[in-house]
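An overview of the molecular structure
These are the residues of each chain, in order.
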Amino acid sequence: MKRIIIDCDPGNGIAGANTDDGLAIALALASPALSLELITTVAGNTPCETGARVAKDLIDRLGLSIPVVQGATQALQEDPVPWRETLDNRVNQLALTNLWQDVRQPADLKADAFDAPDAIGKLICDNPGEITLVAIGPLTNVALAMQRYPAMAESVAEIVIMGGVFTLDDYIKDTNFGLDPEAAHQVLHSGAAMTLVPMDVTTQTLLTQQDLARLTAVDHPLTDFVRDTLRPWIDYSMEARQLAGCWIHDVLVVAWLLNQRVASGIDYRVDIELRPGATRGKSWRYRQPLRLTVGVPDDCGASVHVLHRVDNTLLLSIIEQAFKRLKS
């Protein structure tokens, strides 16, 4: 059994907020091969306290005792205001709030604690080599944990990150890295064993309403949560992005931990643009030995394993089989 922490920014049940974090948590909870020992939240897809409420509500509904710890409410340096204005108001601008009118809101519950960086660093350093960190939001909590616990990079078994975008025509940067470029840069250069799951591969995923109905056919509070909160998000994605369903970015990270055949990867040199301007927060990758490029130092970028191709049929099968094991 693989012991994991999920650091996330869930928005399930919140109008206009992405639901892939909640699906990732659900898959982890439904998978006997994973032991989810801590959920921490960070400002990103939703404000930090909102994400904590979503996660705590789910854990409470399931009668579990997994601690939910609230973390960083804003980035290390990046101004949060423009990001919050966009992320929190897009659904109103598109006049699609009605999609959530019959969706149960998460209960108004408080996190179990409020210092996620400390919780992350302590659990990893107290269990060297045993904990895998699933980082599916901005990396603020992770960077702060590494600052407080210098041994964390060596103690963590692996950090698997959903973040970065390299070759998608319509994206200069993704939310997770763009919202906190300094944190992403620090974590990438930490020396920890690391796998990156960028938008280039997660946008190869697709979940349709028909898929959702099949995956959640089992009657269980966990599948109820997935079905009820993903239905409006799929409709929203179809309207706003002109997709046949929705992308399920974050769950690919958990699925890859369960079965690495779900996505293939390549080792790259990866880094983040930190200079002011439109490209601040942009990620880049490079495969050719840097010594062959004039004017580029050999130590430019961090060595990271990057996933680049996904088997979406297998991904959906992994989720379906996990949910089928649930008992009413």
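Residues numbered from 1 in each chain as written. Predicted model: local features only at pLDDT ≥ 70, side-chain atom pairs only at ≥ 80, totals over all residues. Heavy atoms only, no water.

This part is about the overall build of the chain. Looking only at helices and strands, the chain has 13 helices and 9 strands in total. The C-alpha radius of gyration of the chain comes to 19 Å, within 12% of the 20 Å expected for a compact globule of 328 residues. Taken along the three principal axes of its C-alpha coordinates, the chain extends 60 × 45 × 40 Å. When contacts within the chain are restricted to residue pairs at least 6 apart in sequence, long-range pairs at least 24 apart make up 81% of them. Looking at the chain as shown, the accessible area adds up to about 13500 Å², and 48% of this sits on carbon and sulfur atoms. Side-chain charges of the chain comprise 28 positive and 41 negative groups, with the mean position of each set lying 4 Å from the other. (Helix = DSSP H or I, 4+ residues; strand = E, 2+ residues; numbered from the N terminus. Rg over C-alpha atoms; globule rule 2.2 N^0.38 Å. Contact = heavy atoms within 4.5 Å. Areas by Shrake-Rupley, 256 points an atom, 1.4 Å probe, with all protein chains shown as cover. Lys, Arg positive; Asp, Glu negative; His and termini not counted. Charge placed at Lys NZ, Arg CZ, Asp CG, Glu CD.)

Turning next to the state of the cysteines. Overall, the coordinates contain 0 disulfides when judged by the stated rule. Between C48, a cysteine without a disulfide, and C8, which holds the nearest cysteine sulfur, the sulfur-to-sulfur distance is 9.3 Å. (Disulfide = S-S within 2.5 Å.)

Among the nonpolar cores identified, the biggest contains 63 residues, and I6, I39, L207, I248, I319 and F323 are the most heavily contacted of them. The contact partners of I319, leaving out residues within four places of it in the chain, are L23, L27, L215, I248 and V251. Counting 37 residues, the second largest nonpolar core, distinct from the first, contains A153, F177, L188 and V306. (Core = buried A, V, L, I, M, F, W, Y, C linked by side-chain atoms within 4.5 Å. Buried < 20%, exposed > 50% of the residue type's maximum accessible area, 1.4 Å probe, protein only.)

Across the interface, helix 1 (residues 20-30) lies against helix 12 (residues 251-258) with an axial gap of 7 Å and an inter-helix angle of 25°. Put simply, helix 1 runs roughly parallel to helix 12. Residue-level inspection shows D20, L23, A24, L27 and A28 of helix 1 in contact with helix 12, the latter providing V251, V254, A255 and L258. (Axes fitted to C-alpha atoms, helices over the stretch in contact; angles between N-to-C directions. Parallel < 35°, antiparallel > 145°, perpendicular 65-115°, else oblique.)

Glancing now at the sheet that holds strand 8 (residues 283-286). A sheet is described by the order of its strands in space; here 9 strands give the open sequence 3-2-1-4-5-6-9-7-8, paired in mixed fashion. The open sheet has two edge strands, strand 3 (68-70) and strand 8, and neither has a second partner. Direction aside, the axes of adjacent strands within the sheet are offset by 30° on average. Direction of pairing for strand 7 (residues 263-272) relative to strand 9 (residues 302-310): antiparallel, over a ladder of 8 bridges. Residue pairing for strand 9: R269 is matched across the bridge by S303. This element, helix 4 (residues 116-126), spans strand 1 (2-8), strand 2 (34-41), strand 3 and strand 4 (131-135) of the sheet and lies at about 150° to strand 2. (Pairing = 2+ DSSP bridges.)

Take the pattern of salt bridges next. In the structure shown here, the tally under the stated rule is 15 salt bridges. In this structure, the salt-bridge partner of E37 is R3, at a minimum N-O distance of 2.6 Å. One end of the pair, E37, is in strand 2; the other, R3, is in strand 1, and 34 residues separate them in sequence. For E37, a relative accessible area of 23% gives the class partly exposed. One connected set of salt bridges, linked through shared partners, spans D211, R214, E320 and K324. (Salt bridge = Lys/Arg side-chain N within 4 Å of Asp/Glu carboxyl O.)

Enumeration over the complete set of coordinates arrives at 1 cavity of 30 Å³ or more. What the largest cavity holds in volume is close to 30 Å³. Forming the walls of the largest cavity are L23, L207, L212, L215, T216, V226, I319 and F323. Put simply, the parts of the chain that give the lining of the largest cavity at least two residues each are helix 10 (209-215) and helix 13 (312-324). Class assignment of the residues belonging to the lining of the largest cavity gives a composition of 7 nonpolar, 1 polar and no charged. (1 Å grid on protein atoms, 1.4 Å probe; cavity = no way out; pocket = protein on both sides within 12 Å on 5 of 7 lines; lining within 4 Å. Points joined across faces, edges and corners; volume = space filled by probe spheres on them. Nonpolar A, V, L, I, M, F, W, Y, C, P; charged D, E, K, R; others polar.)

Going through the model one piece at a time under the given rule, you end up with 2 aromatic pairs. Taking the centre distance of 5.0 Å and the plane angle of 25° together, the rings of W233 and Y236 count as stacked. Of this pair, W233 and Y236 are both found in helix 11 (residues 221-241), 3 residues apart, which corresponds to roughly one turn of the helix. A relative accessible area of 2% means that Y236 is categorised as buried. (Phe/Tyr/Trp six-rings, centres within 6.5 Å; stacked < 30°, edge-to-face > 60°.)

What describes two packed helices is the angle between their axes and the distance between those same axes. At their nearest, the axes of helix 5 (residues 140-148) and helix 8 (residues 181-188) sit 8 Å apart, and the two run at 55° to each other. The angle between helix 5 and helix 8 falls in the class oblique. Helix 8 is crossed by helix 5, and the crossing has left-handed handedness. Listed contacts from helix 8 to T140, V142, A143, M146 and Q147 of helix 5 are A183, Q186 and V187. A class-by-class count of the residues in the contact of helix 5 with helix 8 yields 5 nonpolar, 3 polar and no charged. (Left-handed = near helix turned anticlockwise from the far one by under 90°.)

Residue alternation in strand 6 (residues 194-197) divides its side chains into two sets, M194 and L196 and T195 and V197, and both sets are buried. Strand direction decides the pairing type here: strand 5 (residues 158-162) and strand 6, joined by 4 bridges, are parallel. Counted as the bridge partner of I161 is L196 from strand 6. Pairing analysis gives 2 bridges linking strand 6 to strand 9, with the strands arranged parallel. Following the sheet pairing, T195 is matched in strand 9 by H305.

That's the geometry; what it means functionally is another story.
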